[in-house]
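Descriptive structure summary
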Amino acid sequence: RCACVSCCYTNTKESDAVVCVPLKREDIEDEDVAREREACDAVREHYHKKVGGGPTSTNPTLGYDGAGPPDLPGVHVHHLRKTYPPSGKQRWKGTTAVHDLCLRVRQKECFALLGTNGAGKTTTLSMIMRQLRSSKGECFLDGSDIFNLPTEAHLGFGFCPQANALFDELTTAEMLTFYSIIRGV
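Throughout what follows, the structure given in this document is the object of discussion. Just so we're clear, the structure is a prediction, and the values are computed from it rather than from any experiment.

1. What about the packing of aromatic side chains?
- In the structure shown here, the tally under the stated rule is 0 aromatic pairs.
- A cation over a ring is seen here: Lys 82 above Tyr 84, with NZ or CZ 5.2 Å from the ring centre.
- The lysine or arginine in question, Arg 133, covers the ring of Phe 147, its NZ or CZ lying 3.8 Å from the ring centre.

And the structure:
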């Protein structure tokens, strides 16, 4: 059952009671999202089963055919969650900004998160960049947990957190240089 949105609940005509309507998995999660989650689970399994520096079996989900090293992502986010503590009117429950996120970013790939305001994009990138700790889940950089890596491991990483952080007077290269200097990249 989905308890996150009001569309999952209906009022009955007889008593005006709220009744929970169970939803099928495909109604909650798109097929491509489910495939990405399964692929992320396979990557995580690979990291835990790694013996002698290589995978234990072939896995088409990883893009691995057994003829060399598997196609492991540069960044791997596994069931990431961020819940902020209660404040204001929310006396018992906090706000969940990111809920069960799984994704892979290949090495040397330029990646963007798109979504509506409040979807958790900035929170997700802040967790990947080690500016926030996740409430649950893991984030790996080249197979190592990001919180066990030295700061130098994030060299070459950067993100522009908001569209309004761009200056019309600067070129793309100047903008990247500017933020690289600010962030120590």
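Having seen the structure, we can now continue with the description.
2. Structural notes on the nonpolar core
- If you look at the biggest cluster of nonpolar residues, it comprises 13 residues, and the most contacted ones within it are Val 75, Val 77, Ile 128, Cys 139 and Leu 141.
- Contributions of two or more residues to this core are made by strand S3 (75-84), strand S4 (95-105), helix H3 (121-128) and strand S5 (136-141).
- It is S4 that provides the largest number of residues to this core, a total of 4 residues.
- For Val 77, the contacting residues outside a window of four places in its chain are Cys 40, Leu 101, Cys 102, Leu 103, Ile 128, Glu 138 and Cys 139.

3. What about the side chain of Arg 37?
- Checked against the element boundaries, Arg 37 lands in helix H2 (residues 31-49).
- At 2.9 Å, the side chain of Arg 37 forms a polar contact with the backbone oxygen of Asp 100.

4. Examining the sheet that holds S4
- Here we have 4 strands laid out as an open sheet, ordered S4-S3-S5-S6, and antiparallel in their pairing. Two strands in the sheet have a free side with no partner beyond their single neighbour: S4 and strand S6 (144-145).
- The pairing of S5 with S6 spans 2 bridges and is antiparallel. Residue Phe 140 lies in a different strand from S6, and its bridge partner there is Asp 145.
- Lying over the sheet, H3 contacts S3, S4 and S5, oriented at roughly 120° with respect to S3.

5. Here's the deal with unusual backbone geometry
- For His 79, which is not glycine, the phi dihedral falls at a positive 50°.
- Inspection of the secondary structure puts His 79 in strand S3.
- Owing to a relative accessible area of 24%, His 79 belongs among the partly exposed residues under this scheme.
- Phi is positive for Asp 142, close to 50°, though the residue is something other than glycine.
- By the element assignment, Asp 142 lies in the loop between S5 and S6.

Scoring rules and cut-offs
- Residues numbered from 1 in each chain as written.
- Predicted model: local features only at pLDDT ≥ 70, side-chain atom pairs only at ≥ 80, totals over all residues.
- Heavy atoms only, no water.
- Phe/Tyr/Trp six-rings, centres within 6.5 Å; stacked < 30°, edge-to-face > 60°.
- Lys NZ or Arg CZ within 6 Å of the ring centre and 35° of its normal.
- Core = buried A, V, L, I, M, F, W, Y, C linked by side-chain atoms within 4.5 Å.
- Buried < 20%, exposed > 50% of the residue type's maximum accessible area, 1.4 Å probe, protein only.
- Helix = DSSP H or I, 4+ residues; strand = E, 2+ residues; numbered from the N terminus.
- Contact = heavy atoms within 4.5 Å.
- Polar contact = N/O pair within 3.5 Å; in protein donor to acceptor, adjacent residues only side chain to side chain.
- Pairing = 2+ DSSP bridges.
- Axes fitted to C-alpha atoms, helices over the stretch in contact; angles between N-to-C directions.

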